[in-house]
Amino acid sequence: MNSPYINKENESVSDDVVWHNSTVTHDDRIKQKNQKPVVLWFTGLSGSGKSTVANAVESKLLSLGKHSYLLDGDNVRHGLNKDLGFSDTDRVENIRRIGEVAKLFVDAGSIVLTAFISPFIADRRQVRELLADGQFLEVFIDTPLAICEQRDPKGLYKKARAGEIKHFTGIDSEYQAPINADIHVATVNQSIEECAEQIVSALIKKEYI
């Protein structure tokens, strides 16, 4: 199996670094897990319910005997991305790294759920382009700013309005909503259970599970 990575013009890889092909292939892992691996890329404002809905989806996948893993934005910033801030440049790098990690999970045959604000269309598109056709589904957790701010579970909007947090998405940093998400979840009139069921039903319909 050839390397799944394409060395694009703006990327630099030393000539001394050679891709090592594994005896166990991507197809072997797919057959073992009996599912179609995919990245479910949850995007939405802070407080929209991304992590909560993603958790509910992962629980449903587990009950169906499926292999999945949830990459949560806050959790990843405790380790892999703890060196990054929240400037536009750091947000881009944050998403780039997560895209590479998600790609590894897909190669392992898993369904990977990522819950990140990922505010920029271009960055989400870049992750999609890292993967093969059909291996990336953009899941828009569509919750209006007013409701997210009303919830404010971590008190972040209050701090942002007071000027204590800079570059906060939806306040002084732009959020670019998906134009045509693969799965569009309008949360206002749906429970967490209903949102999760909508996503799992979409996976069944699209024959991922």
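Remember, it's a predicted structure, so these values are computed and weren't measured experimentally. (Residues numbered from 1 in each chain as written. Predicted model: local features only at pLDDT ≥ 70, side-chain atom pairs only at ≥ 80, totals over all residues. Heavy atoms only, no water.)

(A) Broad picture of the layout of surface pockets. Space inside the largest pocket adds up to approximately 840 Å³. With four residues, the single largest contributor to the lining of the largest pocket is helix α2 (residues 50-63). Split by residue class, the lining of the largest pocket holds 14 nonpolar, 15 polar and eight charged. (1 Å grid on protein atoms, 1.4 Å probe; cavity = no way out; pocket = protein on both sides within 12 Å on 5 of 7 lines; lining within 4 Å. Points joined across faces, edges and corners; volume = space filled by probe spheres on them. Helix = DSSP H or I, 4+ residues; strand = E, 2+ residues; numbered from the N terminus. Nonpolar A, V, L, I, M, F, W, Y, C, P; charged D, E, K, R; others polar.)

(B) Examining the pattern of salt bridges more closely. According to the stated counting rule, one finds nine salt bridges in the structure shown. R161 is the partner of E149 in a salt bridge, and the nearest nitrogen-oxygen pair spans 2.7 Å. You can see E149 sitting in helix α6 (residues 145-151) and its partner R161 sitting in helix α7 (residues 156-161), a full twelve residues away along the chain. Given a relative accessible area of 51%, R161 falls into the exposed group. (Salt bridge = Lys/Arg side-chain N within 4 Å of Asp/Glu carboxyl O. Buried < 20%, exposed > 50% of the residue type's maximum accessible area, 1.4 Å probe, protein only.)

(C) A look at unusual backbone geometry. Phi is positive for S118, which is not a glycine, with a value near 35 degrees. Tracing the backbone shows S118 in the loop between β3 (111-115) and α5 (121-130). Positive phi, normally seen in glycine, also occurs at E207, with a value near 65 degrees. Looking at the element boundaries, E207 is found in the segment after α8 (192-205).

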